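Listed here are the chains, written in short residue letters.
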Amino acid sequence: LLSPEFLGLPEKGFIGMHPTLLPQGRGRAPIPWAIILGLKETGVTLFYADSGADTGDILAQARVPIHDDDTASTLGARTDEVAAQLLCDNLLRLANGTAPRVHQSNAEASEWPRRRPEDGVIDWGRDAAALYNWVRALTHPYPGAFTQVGDQRLYVWSAKRSCAPLTGAPGEVMSVDADGALIATIRGLLRATSVQWEGGAETSPLAAGLKAGMRLGARA
């Protein structure tokens, strides 16, 4: 948040960017939340910053699709490109004083809460589709989705959904090969393709030593 003294310095206003269609999705971590929630699109909003969090009048907006294979990194790059184009499109109107100002409706607003690194724990009691979104939303440059294996923390940096006809207890490793590790969820299988033991290097599940029968999410 910016102080009133700082906000008052630019003569024509202080322009902020938020990668949602405000007033929806105010707050922190808008890129991860959009993927976690399984949205098919998000957006970019340029707004006149005020003393609130993403509450200022809207200058311009554009919709941005979310692809099924997007990660936090690829979606963030796409919204950045759209934001830059929106700013270029509106520079002249900002300069000559004809840029629009559309008031945000607080009644229509929603807020997405802050995320901390410890919030990335994987709940294997959720279904494979939700956990696929979870992993790709929290991967680099964010702190990552992780699970506990005994007294060790295992990060899952990338994953795919699988149609393999295997079943097991949530968190059970069903098989491991060069294509990754098939892990059971409450409904469906998730194929982890890149993992990392805490303090180690990112690698494949096979190289990390994952084996069929291991239970992820279990503490020693």
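Structure: above.
To start, this report covers the structure provided alongside it.

### Details of the overall build of the protein
Then, number 1: Helix and strand content of the protein: 5 helices and 10 strands.
Then, number 2: In terms of overall dimensions, the protein has C-alpha extents of about 65 × 30 × 30 Å along its principal axes.
Then, number 3: Looking at the protein as a whole, 43% of its 220 residues are labelled buried.
Then, number 4: Expressed as a percentage of contacts within the protein between residues at least 6 apart in sequence, the contacts between residues at least 24 apart total 64%.
Then, number 5: Summed over all atoms, the accessible surface of the protein reaches about 11,400 Å², with 53% contributed by carbon and sulfur.
Then, number 6: Across the protein, the centroid of the 21 positively charged side chains sits 3 Å from that of the 24 negatively charged ones.

### With respect to the packing of aromatic side chains
Then, number 1: Under the criterion given, the structure shown has 3 aromatic pairs.
Then, number 2: Taking the centre distance of 5.7 Å and the plane angle of 10 degrees together, the rings of Y155 and W157 count as stacked. The residues Y155 and W157 share a single accessibility class, namely buried.
Then, number 3: Cluster of aromatic residues (ring-pair linked, three or more members): F146, Y155 and W157.
Then, number 4: Here the guanidinium or amino end of R101 rests over the ring plane of Y48, the centre of that ring lying 3.9 Å away.
Then, number 5: The cationic tip of R115 hangs over the ring face of W33; the distance from NZ or CZ to the ring centre is 5.0 Å.

Conventions we followed
Along every chain, residues carry numbers that run from 1 in the direction the sequence is written. Local features in this predicted model are restricted to residues of pLDDT 70 or higher, and side-chain atom pairs are both shown and tallied only at a pLDDT of 80 or more, whereas totals for entire chains, interfaces and linings draw on every residue. Computation of side-chain values: all heavy atoms of the structure, hydrogens and water removed. Labels follow the DSSP assignment, with helices taken as runs of H or I lasting at least four residues and strands as runs of E lasting at least two, numbered in each case from the N terminus. Only protein chains enter the accessibility calculation, which uses a 1.4 Å probe; a residue whose area is less than 20% of its type maximum is buried, one above 50% is exposed, and one in between is partly exposed. Contacts between residues were defined by any pair of non-hydrogen atoms, one from each residue, lying within 4.5 Å. Accessible areas in this description were obtained via Shrake-Rupley with a 1.4 Å probe; residue shielding takes into account the shown protein chains only. Charge counting treats Lys and Arg as positive and Asp and Glu as negative, with His and both chain ends excluded. To locate a charge, take atom NZ for lysine, CZ for arginine, CG for aspartate or CD for glutamate. In this analysis, rings of Phe, Tyr and Trp, with Trp reduced to its six-membered ring, are considered paired at centre separations within 6.5 Å, and the interplanar angle assigns stacked below 30 degrees, edge-to-face beyond 60, and tilted for intermediate values. Over a ring means this: the NZ of a Lys or the CZ of an Arg is within 6 Å of the ring centre and within 35 degrees of the ring normal.

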